[in-house]
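# Geometric and topological summary
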Amino acid sequence: MTAAGVPSPVSPLPLPLPLLSMEGITRRFGPTLALDNASLVVRPGTVHAVLGENGAGKTTLLRLAFGMLQPDAGMLRWRGEPTTVASPSDALRRGIGMVHQHFTLVPAMTVAENVALGERGMYDPARAAARVRDVARRAGLAVDPEARVSALAVGAQQRCEIVKALARDVELLILDEPTAVLAPQEAAELLAWTRAYADAGHAVVLITHKLRDALGVADDVTVLRRGRTVLTTAARAVTEADLADAMIGGEAEKAEKAEPEERAIVEAEMASGVAHRSSAPGPVVLSARGVRARDGRGVERLRGVTLEVRAGEIVGIAAVEGAGQQELLRVLARRLAPDSGVVASPDTIGFIPEDRHHDALVLDAPLYENVALRDVAARRGRMTWAAFRGETRRIIAAYDVRTPGESISARSLSGGNQQKLVLGRELAGAPAAIVAENPSRGLDFRATAAVHASLRAARDGGAAVVVYSSDLDELLLLADRIFAMHDGTLAETARDRETVGRAMLGGAA
Amino acid sequence: MSDALTLGTDLLEASVRFATPLALASLGECVSERAGVINIGLEGAIICGALGATVAAGAVGVGLGFAAGALAGVAIAAVFALFTVWMRADQIITGTAITLLAAGLTGTLYRSTFGASGVALSTPTIGATAVPGISALPLLGASFFNQPVITYLVYVLAPLVTWWMFRTHAGLGLRAIGERPEAAIAAGVSPRLTQTLAVLFAGAMAGLAGATLVLAQAGTFVEGMSSGRGFIAIAIVVLGRWHPMGVLGASLLFGAAQSLDTVFQSMGWREVPYQLFLAIPYLMTLVVLALASARARAPAALGQKELAEK
Amino acid sequence: MIRALVQTLVLLAVALATLVLLLVATGHAPAPALTAMANGAFGSSYALLSATPVRAIPLALAGLAVAIAFRAGILNVGAEGQLLVGATAAACIAALVSTHPGVPAVVVIVVMLSAGTLAGGLWAGIAAWLRTRFGVLEVISTIMLNFLALYLVGYLVRGPLQEPTRMNPQSPTLPEALHLPVLVEGSRLHAGLLLAIGLAVLAWWWLRNTASGFRLRAVGGNARAAASAGRVNVPRVVAGAFLTSGALAGVAGAVQYTGVTYAMYENFSPGYGYKAIAVALLARLNPLGVLVAALLFGALEAGANAMERDAGVPNVVVSVVEAALILLVVAADRWQARAGAQATTTVRA
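The following refers to the structure shown. Keep in mind it's a predicted model, so treat the numbers as computed, not measured.

## What to know about the overall build of chain C
- Of regular secondary structure, chain C possesses 13 helices and zero strands.
- Starting at the N terminus and ending at the C terminus, chain C contains elements arranged as α-α-α-α-α-α-α-α-α-α-α-α-α.
- Relative to its length of 349 residues, chain C is compact, with a C-alpha radius of gyration of 21 Å against a globular reference of 20 Å.
- With respect to the three principal axes, the spread of C-alpha positions in chain C is 75 × 55 × 30 Å.
- Buried positions account for 56% of the 349 residues belonging to chain C.
- Taking contacts inside chain C between residues at least 6 apart in sequence as the whole, the part at least 24 apart equals 78%.

Here's what the structure looks like:
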């Protein structure tokens, strides 16, 4: 009965064999070293948190395990056997499943059809639905197999994704930032579920940058920093402070990598509160009264929102995905016409949308044309290209955009430099109001600090600033006042984590 | 009374006859579009199929003529697949080029091989095969079941494609590629393989349509004899709401519009502006497009060039 | 600019090599065929002043139509229908005027061209309306409208617009006084050439230097960013570009009617609207490039006819060359895009 590769039953097994082990993993993207001799060992029956800052290589490492990418060097063992995971379907065959941060569901299809996707042979809707019900019941997840995915809320879509993986009998489930899109209540439920699922003998890898999530639920923790594994430990043995140090790097390294001014900004940010408004705010610049508005699909997202923003303050909006913040920001920035209510906004507004690739830049156009894009609707007659080139050069210098010149395409800039260009464009000419949506999303440490500094400088220069961030910690760091948004309504809350968190869920502010 | 019945039978018989090549090409286009590939080079595949069928039928017989037609369609569709699926070139531009290419190639080969235009080449044809029993039924039986064998292939293929599309995992994968390629890729469906096979299938079906024009109808090859049927197929797929059975119905409607011309002429009604009847299905297609509910919309990733290969 | 030109010349050489291969494969001697082709395209004053440029004019105007639409991100494959409708409108004006003699010829010509422009624009306007109002893919709607235009012409030339003897399915022949003026005595080169050049230069300048031209390019480059960062009214820009495109295709039809065919009939266009896509693409959607590409296509077509007449090679062979050119341009672009993408792969973690 002993098949090749299975350890002989008579030999002593001091430790349970790791389910997955990755050693010395290196992976490059062009000139960038994304993973540098990284390692990860996942034991069966555990929740394993993989922590790290944006760009630390967490997702890349697990994408390698899921066969979406191949390592340049290093060894992957699955149940002790050296293994090459050639593709996601190969991974699924072996028992490795992954739920991505951006869901991979077909909206036009039902849950059952989505779960069955990628299999072979005949498809029987009734049997497929029964199977989904069965898998969901055993796993303790509520899903309706006949529901069309396009009609599901985010939480239900995520459960559908998990059921999709579980239906393939995976033994190792990788969840990439699963709580990022969830309301705190839903996130807590999901984390509790991963615990129960691991206790039943499976393994879960939780990719996250939230220390609280990691320590709350994980057995083991691996911390990645700049592509290297810097810490692997039992969760019991560490504190949040330990993990934070490991993620950000020791004092020495911080000093080594950060420029003096940037270090000052970081330190100022760390000592929360210091960076907040020092002088009294000015008159109301930006206001909404009783505003109602719909999204592109006609769903009412704002149900009577009232907000006043004064010159010289940063107002933070806290909300879970889909609470109406997108519409609120666009109404304030005059990108969306409200159905009813009164909006008063100045003529000059800087608007920094979350998705710069889709909403802020024409990637194939040169930088100076991208600068000229701002409010081009109001322009008449000829374009003064020489002037725009000059303005672009000024932005490049003032915002430290790393580029060989103003004539290259926006596509060839890195994400951080693209965002600096957008900021420079939108803050040019000292607009009276600035509306920013997740302005540091996808940016590294330094670029984030630069974005924060720019927004603070605009505030100190007398602008009324509204910021939404999906990262509550960023908001607490940046905002002078915080409003929580829940289901299309808005209320001011105290500036502490717990109160805001409750208010986002619709609890008392 | 019997005059009316005869007229009705003739009209229906002609509608089915005209609808047959349209339905063949449209079923292929339906599968291709469900996989996210709109092929306006279908016109080229039809004319290639027609020439392939002409050459092979003269040399080795009618049956192999159909096979050769399908093969010729596959060959030109392979070029389309190479550009659109493997190089991710724009589908509309490539389709336009393929139509031009096929028109040029078939014209050049035909004239070079069989002499200048005017020398009509006559091929054997298949006649109608009455289905015993059913064809004796008045009106529907006499029109739908007194047709060449290739028409019966359409009757079989439409439900078969429907079944495949909605009751097999491969069909599920195909629809997923057309709706949300990222999701299909994540589930292990290969977009390249799926789309290539879909495009080649559409090519084979368009080739069969071309073979039908020659071997079941005209009995000869004429340059440009596809006369826009590849584009009509795109209209039919829209009117049929991207469903094989809907495509069958829409083909019949377009076939009926085309048959009116013939019927009017046979009745001696020369003053009837038949062009207006020909225009009706296109108008209907536009109206359907405009009023289609979300469910009857085109596949979400139709014509999408890049697959988000992140 | 220079690189694009060099690249185009290389592609042209490859396309001609394809032609040679095809000639050999079909049993034609390449040398005499190519000589006949060159002579037909450039070898005589007739070729230089009539055969080549006259064929280029409708391709240039329709190519501009396609280029403007594609620049705005609109896949207008309806230039064929818009061109037919434009020519038909001009023919209708001619029919109306025939019952009102005494109107100055210049006025009639201007009105005919304007009517063609307007009709082409309105025909495209249907597709624009369907896209902005209902989200209908313009690829599909413009194909439908091409058929509708064709049937409309078929109906009119057998009905209200048929010539007086009612023998042939075509419109009455345009009186000579209403023809577009000929530029060079003894040639067929008509004033449409000046119109094509003028419009190409205007379109080039407009796209490059004006705010509305920039808005059009921005919408084509990234409509969402144009709306969000530029606060551009995207549906309005799209509709405007679509109408402009249709108008250019329409005037192409009216020019062809008043300058070359002098009558309207079903096979009025041998696929100008589709070849225009090839022309625009070969020109990399640059209006000035469209002029060059159209001349090249005109030369190819003129050469192909001479090749058939003098060397017995079927003239449809030119379609293969045109198709090869499109495919080569597409392949080169994809190759470059891939090379560029590899150089700028960004890390996502």
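Following the structure, the description resumes.
## What to know about the pairing of strand E7 (residues 172-176) of chain A
Residue and element names in this part refer to chain A.
- Among the five residues that make up E7, five are buried, leaving the element largely enclosed by the rest of the structure.
- The two faces of E7 match: Leu172, Ile174 and Asp176 on one face and Leu173 and Leu175 on the other face are all buried.
- For strand E6 (residues 96-99) and E7, the ladder comprises four bridges, and the chain directions are parallel. Among the inter-strand pairings, Met98 is bridged to a residue of E7, identified as Ile174.
- Relative to strand E8 (residues 203-208), E7 runs parallel, the two being bridged by five bridges.

## Some remarks on the packing of helix H2 (residues 30-42) of chain C against helix H12 (residues 287-311) of chain C
Residue and element names in this part refer to chain C.
- Across the interface, H2 lies against H12 with an axial gap of 7 Å and an inter-helix angle of 130 degrees. Between H2 and H12, the crossing angle belongs to the class labelled oblique. The hand of the H2/H12 crossing is right-handed. Listed contacts from H12 to Pro32, Ala33, Ala36, Met37, Ala38, Asn39, Gly40, Ala41 and Phe42 of H2 are Ala299, Ala302, Gly303, Ala304, Asn305, Ala306, Met307, Asp310 and Ala311.
- A per-class count over the contact of H2 with H12 returns 13 nonpolar, four polar and one charged.

## Some points on the sheet that holds strand E14 (residues 340-344) of chain A
Residue and element names in this part refer to chain A.
- Within the open sheet, the three strands sit side by side as E12-E11-E14. Their pairing is antiparallel. The sheet is open, and its two edges are formed by strand E12 (300-310) and E14, each paired on a single side. The average angle at which neighbouring strand axes cross in this sheet is 15 degrees, direction not considered.
- As paired strands, strand E11 (residues 284-294) and E12 are joined by eight bridges and run antiparallel to one another. Pairing of Val291 across the sheet is with Val305, part of E12.
- Running over the sheet, helix H11 (residues 325-332) touches E11, E12 and E14 and is turned about 130 degrees from E11.

## Describing the interface of chain C and chain B
- Opposite the 38 residues of chain C that make contact, chain B presents 39 residues.
- Residue contributions to the side of chain C that touches chain B peak at 11 residues, all from helix H13 (residues 317-343) of chain C.
- By residue class, the composition of the side of chain C that touches chain B is 29 nonpolar, six polar and three charged.

## Points about unusual backbone geometry
- Phi is positive for Asp400 of chain A, which is not a glycine, with a value near 55 degrees.
- Structurally, the position occupied by Asp400 of chain A is in the loop between helix H14 (385-398) and helix H15 (415-427).
- In this model, Arg166 of chain C sits at a positive phi of 60 degrees, which is unusual for a non-glycine residue.
- For Arg166 of chain C, the location among the structural elements is in the loop between helix H6 (138-156) and helix H7 (192-209).

## Here's the deal with the interface of chain A and chain B
- With 20 residues of chain A at the contact, the number on the chain B side is 16 residues.
- Put simply, the parts of the chain that give the side of chain A that touches chain B at least two residues each are helix H2 (88-94) and helix H3 (111-116) of chain A.
- Ranked by the residues each element gives to the side of chain A that touches chain B, the list is headed by H2 of chain A, at three residues.
- In terms of residue class, the side of chain A that touches chain B is made up of 11 nonpolar, six polar and three charged.

How each quantity is defined
Residues numbered from 1 in each chain as written. Chains lettered and ligands numbered in written order. Predicted model: local features only at pLDDT ≥ 70, side-chain atom pairs only at ≥ 80, totals over all residues. Helix = DSSP H or I, 4+ residues; strand = E, 2+ residues; numbered from the N terminus. Rg over C-alpha atoms; globule rule 2.2 N^0.38 Å. Buried ≥ 20, exposed ≤ 12 C-beta atoms within 10 Å, placed from the backbone. Contact = placed C-beta atoms within 7 Å. Pairing = 2+ DSSP bridges. Axes fitted to C-alpha atoms, helices over the stretch in contact; angles between N-to-C directions. Parallel < 35°, antiparallel > 145°, perpendicular 65-115°, else oblique. Left-handed = near helix turned anticlockwise from the far one by under 90°. Nonpolar A, V, L, I, M, F, W, Y, C, P; charged D, E, K, R; others polar.

Purely geometric numbers; function is a separate question.
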